[in-house]
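Reading the structure
Chain by chain, the residues:
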Amino acid sequence: MNRERYVTACPVGCSAGFTTTDIVLPEGPLLRCGSCGQLVSQCTEAEYLDSLERFDTAAGTLPGMESAARHEQVSVRRLRKMLTLLGKEPGQVRLLDVGCSSGAFLMSARKVGFDTTGVEPSAEAAETARRAGLNVFTGFLEAARFPDGAFDAATLVEVIEHLRDPRSLLAECRRVLKPGGILLVTTPNAASWTARIMKSRWDGFGLKAMGGHISFFNPRSIEMIAERTGYELVRVETRNVRFFERGHCPNAIYVAAKIASEFLNWPSRLLGTGHDLLACLRVRE
Ligand SMILES: [Zn+2]
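What this report covers is the structure whose coordinates are included nearby. Everything numeric in this text was worked out from a predicted model, so none of it was measured.

Some thoughts on the overall build of the protein chain
When helices and strands are counted, the protein chain shows nine helices and eleven strands. Against the 2.2 N^0.38 benchmark of 19 Å for 285 residues, the protein chain shows a C-alpha radius of gyration of 19 Å, consistent with a compact globule. C-alpha extents for the protein chain along the principal axes are approximately 50 × 45 × 35 Å. A burial count over the protein chain gives 49% of its 285 residues as buried.

Structure below.
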């Protein structure tokens, strides 16, 4: 059967070819860029669109009650990081959250005192955010036509791994940010211990499980895409290690693996091998 791949070139913009990896998914093995190490899915466009569809819900990525407190803690930590990098008080910062879903991160930002705006292509999730009183545009960032330099800071939380062409989005973020503005990006780390050990068992690589994950960054490919789209990389941080997804193994093994992974969290941060990657980019002046 002749399958036409949706992602045919390195999303980071390299001209090197792909090699096949031993991470074998239902859509075929992930491919690795020979230059930056980016991993990409072999899914077709139809499979990609199908995986996105079921994530268009009113709840969006609003955290459940049990994870709301943890989510808030992580959000506030990221917001403080941005303030430090900008050298500003919350009331002085116009923040744009691109792919804001139902608005959980924007609500945390508003609580801290940021002036917040969101963009979200999923109509139902965007409507949920607006009902909470948030200023959210339904559609893709380019369609919102914000003026040049409208924002001090922007966030792409778990967005770029869904895109065939993340460079055009990063370029549009740069346009709507002020010179010296900060773009905070989070994405799964394909060079993590979790990815290397779990391979296809890792939810991060799942096309369907994660609503269209097709492109997997590592600290080096993040740095390269930042340079190619007009940013300087201020810092990259990674954290967290996992060996089993909950419910995919006997509970006793899951608990033992969980304890082992807690011990590995600190070294993973030092070595850039945690599976949650956070990059702070600054618009070149
Ligand atoms: Zn590449």
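Now that the structure is up, let's keep going.
Considering the sheet that holds strand β4 (residues 94-98)
Strands pair in a sheet through their backbones, by hydrogen bonds, and they do so in one of two ways: parallel or antiparallel. An order of β6-β5-β4-β7-β8-β11-β10 is seen for the seven strands of this open sheet, with the pairing classed as mixed. In this open sheet, the two strands that pair with only one neighbour each are β6 (136-138) and β10 (231-239). Taking the axes of each pair of neighbouring strands and ignoring which way they run, one obtains an average angle of 15° across the sheet. Where β4 lies against strand β5 (residues 115-120), five bridges are found, and the strand directions are parallel. Bridging across to β5, Val98 finds its partner in Val119. The strands touched by helix α3 (residues 104-112) within the sheet are β4, β5, β6 and β7 (151-157), with β5 carrying the most contacts at an inclination of about 175°. Most of the contacts of helix α8 (residues 219-228) go to β10, to which it runs at about 160°, and overall it touches β8 (177-188), β10 and β11 (276-283).

With respect to helix α6 (residues 166-176)
Every buried residue of α6 is listed here: Pro166, Leu169, Leu170, Glu172, Cys173 and Val176. The arc that holds the buried residues of α6, viewed along the axis, is 160°, so those residues lie on one side. For α6, the elements touching its buried residues are β4, α5 (141-144), β7, β8, α8 and β10.

Procedures and definitions
Residues take numbers from 1 onward in each chain, read along the sequence in its written order. Only residues with pLDDT of 70 or above have their local features reported here, since the model is predicted, and side-chain atom pairs are shown and tallied only from 80 upward, although totals for entire chains, interfaces and linings are computed over all residues. Hydrogens are left out, water is left out, and the side-chain values use all remaining heavy atoms of the structure. Secondary structure elements are taken from DSSP: a helix is a run of H or I of four residues or more, a strand is a run of E of two residues or more, and numbering for both begins at the N terminus. Put simply, the radius of gyration uses C-alpha atoms, and a globule should come to 2.2 Å times the residue count raised to 0.38. Only protein chains enter the area calculation, which uses a 1.4 Å probe; residues under 20% of their type maximum are buried, those over 50% are exposed, and those in between are partly exposed. The pairing criterion is simple: DSSP has to find at least two bridges between the two strands. Fitted lines through C-alpha atoms serve as axes, helices being fitted only where they are in contact, and the angles separating the N-to-C directions of these axes extend from 0 to 180 degrees. Note on contacts: a residue pair is in contact if any heavy atoms of the two residues lie within 4.5 Å. The arc under discussion is defined with respect to the helix axis, by the directions toward the C-beta atoms.

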